[in-house]
Every structure is written in C-alpha cells, then in structure tokens.
Amino acid sequence: MADKTKYDVLVIGSLNADLVVRAPRFPQPGETISGGDLLTIPGGKGANQAVAAARQGANVAMVGRVGKDNFAPFLIENLNANQVNTLHVSQDNLASGTAIIIVDENGQNSIVISPGANGKVDAQDVDSAPDAKILLLQFEIPMETALHAAKRYKANGTTVILNPAPARQIPDELFAHVDILVPNESELSLLADMPVTDEKSAELAAQEILKQGVKIVIVTLGSKGALIITNSQATHVETFNVDVVDSTAAGDAFIGGLASKLLNLESSGVPLNTKQQAAQLQNAVRYGCACGALAATKLGAQPSLPRKDEVEAFLNQSPTTDS
Ligand code: RIB
C-alpha cells in the first residue's frame, strides 16, 4: 500500500555496516600495524543523517537498499529503534554496504567503502518514495539517482539539502535542483574547481556554486565551525571545543541537527528573505555545530549521534560564540 505520510525529513541514501578498528596511527602503504578490537557499528551517511534528524524529534523516513546478509537486519533494526521509518528500504541479492574504518588516537578517521546494495538505489526507489518537507541527499548512492531525486522533490516544493560526500564530480544541472549545499572545504574545492584554503577562498568558491542555482551554501570547517554563504552575505558560525574521540559521523550529526531546526522555517521556504530568517538560519547552523561536536566525543557513527535533550543541555552550558 502506498505510504501517504508527508514526512518531516526524507533521506534517500546509504546504509553501511561500519567495521571499525582503533589504531595508534594510520598505517603507511605496505605496512601492517596492530589495532584494537574490531567493532561492527551501524553507519552510512544516509542512515546516519536519518537517525541524527530523528533523534532531534523529526518524523523521518529512509529510502535505500540493504543486501541479503547478516548486516541487513542489523542496519534496519537500528533505524527502527531510532524511530526512522524503513518501509522504503528494500533488499537486494548481494552484500550490504560496508565501510572499513580506522580511527587514530586523535579521533581522525580513514574510510574505504564497499557500496554493495547502496549502488543499486535507483529512480524507481525515488518514484515510489513518500512526500517530505525536507529531502537529504548524499553521494553514497548512484549519481543519476541523486539527480533524479533532487529533480523530483524540488519540483514538489520540498527543500532539497545536498551533502556532496564523498567528494565526486557532479553533473552541472544538479545544482539547479538543490536549495542548500553542505560541503566541507575539500568537497567545495572539487565542486567549484578552485582551491579552498581559508574563509575568503571558501566564500569565492561558494559564490561560483550560487551562480548555478543553489540558494545557500553552508561550508563545514571542522573545528573552525561553519560558513553560511548566500547571495547577500557570508556569516561565520563558531563551533564548540570538545575532546574528540572519533570524528566519524560528526558531519552527519550536523546535517541532521540543521535539518531538524530548518523544519521550523520550512513553511516559509528556504530562509533567505528577512533578517529574522537569516538569524534563524544562523541558529540552525549553530545547533548543527553542537550536534556535530557532541557526536565527535563518542566512538562510532550512529551510537554517537546526540539526542535532543543532550544537545539542548550542551547549548545551555555553552557561551554564544556566533560572529
Ligand atoms: O559519514 C560517516 C559515514 O561514512 C560512516 O558511517 C561510513 O559508513 C561512511 O559512509
């Protein structure tokens, strides 16, 4: 039976089983080093962002594919346990998406992905997906599927947010169907085809993207916070100092938190027009920064994503640092 619900947030994206080992450092090419115990953790950029938004109270559905293996029920059950609707996650006769992750003692990671069933998400999955106020897309599914989804949902008036990760070349026409682009510095550099080394160069690169139809670019800068760039202004939002245990999924936590806050603004479309809307967008980005900072204090992807009460308590204790 067709799902007639209009969700707050729909994610069309990947589900991965993350196979994680902590190591003192990353091995050199050809080198073998010894790490800690192997952990199997639910991840995947799409599923992480779905859980991140659901933990902030949004009504979320996930569209994607898993394989026919032991990881499949593990990945789906974890989404269900986080109140993410999985009616539109189907099963293929191959392996589930997998990510091999090394986390070093500074909390930085190095990841190799095996797409598995994520590589089969297609236009039919998009066409049978339910309506939503906000669509979240990333690049762990085929590019043509992401493009098809952006076109379909943008035409319906859904706010389309694209996290262009992992970094890939994209068809030029995609930008015209995206409202908010959320790249990190290296993704932005690839997309704009120019070096991004500081705030000024990030602003210039983002302006190139805005010319192609995106309304807002939010550049995530890791420990330096985020930069919001629109046609009329560039605003820096600082993040929070935390002891980093594992940065995996910090960006996904940011996007889920941001999306949940943008829901308050969704009825008036992408917030651009008034000073009040610009301030609300800034607050939503600050909220996303808090979600990302908290996620970095814990090991793993989905288990590290903070809940609404944790984020609110953290923000209440943290001085405002917006500039
Ligand atoms: O963004 C973090 C995610 O990237 C991990 O969970 C891993 O699955 C990779 O997709």
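Residues numbered from 1 in each chain as written. Predicted model: local features only at pLDDT ≥ 70, side-chain atom pairs only at ≥ 80, totals over all residues. Heavy atoms only, no water.

Caption draft 1: The site of the ligand, seen in detail. Neighbouring the ligand are 13 residues; D18, G44, K45, E140 and D252 lie closest to it. A distance of 3.0 Å separates an oxygen atom of the ligand from a polar atom in the side chain of N16. In this structure, E140 approaches the ligand through a side-chain N or O atom, which is 2.5 Å from an oxygen atom. Protein contact buries 96% of the 280 Å² of open area that the ligand shows by itself. Within the residue set of the shell around the ligand, elements represented by two or more residues are β2 (16-22) and α1 (45-54). Tallied by class, the residues present in the shell around the ligand amount to four nonpolar, five polar and four charged. (Near = heavy atom within 4 Å. Polar contact = N/O pair within 3.5 Å; in protein donor to acceptor, adjacent residues only side chain to side chain. Areas by Shrake-Rupley, 256 points an atom, 1.4 Å probe, with all protein chains shown as cover. Helix = DSSP H or I, 4+ residues; strand = E, 2+ residues; numbered from the N terminus. Nonpolar A, V, L, I, M, F, W, Y, C, P; charged D, E, K, R; others polar.)

Caption draft 2: Spotlight on the packing of aromatic side chains. Under the criterion given, the structure shown has one aromatic pair. On the numbers, 5.1 Å between centres and 65° between planes, the contact of F240 with F314 is edge-to-face. Residue F240 is found in the loop between β13 (234-237) and α7 (250-262), and its partner F314 is found in helix α9 (residues 308-317); the two are separated by 74 residues along the sequence. Exposure class is identical for F240 and F314. Each is buried. (Phe/Tyr/Trp six-rings, centres within 6.5 Å; stacked < 30°, edge-to-face > 60°. Buried < 20%, exposed > 50% of the residue type's maximum accessible area, 1.4 Å probe, protein only.)

Caption draft 3: Representation of the pairing of strand β6 (residues 97-103) in the model. Within β6, five of the seven residues are buried, which leaves it mostly tucked inside the rest of the structure. By the bridge criterion, seven bridges tie β2 to β6 in an arrangement that is parallel. When the bridges of β6 are listed, N16 appears paired with G97. One ladder, built from six bridges, connects β6 with strand β7 (residues 109-114); its direction is antiparallel. Residue pairing for β7: T98 is matched across the bridge by S114. Count of turn residues in the β6/β7 antiparallel hairpin: five residues, of which G107 carries a positive phi of about 85°. (Pairing = 2+ DSSP bridges.)

Caption draft 4: Region of the structure containing helix α2 (residues 71-81). All of the buried residues along α2 are A72, L75 and L79. Down the axis of α2, the buried side of the element spans an arc of 80°, and every buried residue falls inside it. Structural note: α2 exposes E77 and A81 on the side pointing more than 90 degrees away from its buried face. Buried-residue contacts for α2 involve β2, β3 (39-43), α1, β4 (60-66) and β5 (84-91). (Arc of directions from axis to C-beta. Contact = heavy atoms within 4.5 Å.)

Caption draft 5: A look at the sheet that holds β13. Ordered by their spatial adjacency, nine strands build an open sheet running β5-β4-β1-β8-β9-β10-β11-β12-β13, and the pairing between neighbours is mixed. A single partner strand is all that each edge strand has here, and the edge strands are β5 and β13. As defined by bridge partners, strand β1 (residues 6-12) adjoins strand β8 (residues 131-137) across six bridges and the pair is classed as parallel. Bridge assignment links I12 to a residue of β8, and that residue is L137. Along the sheet, helix α4 (residues 143-155) makes contact with β1, β8 and β9 (159-162), crossing β8 at roughly 150°. (Axes fitted to C-alpha atoms, helices over the stretch in contact; angles between N-to-C directions.)

Caption draft 6: Representation of the sheet that holds β7 in the model. Within the open sheet, the four strands sit side by side as β3-β2-β6-β7. Their pairing is mixed. The sheet is open, and its two borders are formed by β3 and β7, each paired with just one other strand. Within this sheet the neighbouring strands show an average axis-to-axis angle of 25°, counted without direction. Running over the sheet, α2 touches β2, β3 and β6 and is turned about 55° from β3.

Caption draft 7: Fine view of the pairing of β5. Pairing geometry for β4 and β5, over six bridges, is parallel. Within β5, the position partnered with V60 by the bridge is V84. Taking the sense of rotation as the criterion, the β-α-β connection linking β4, α2 and β5 turns out right-handed. (Right-handed = clockwise from strand over helix to strand, strands pointing away.)

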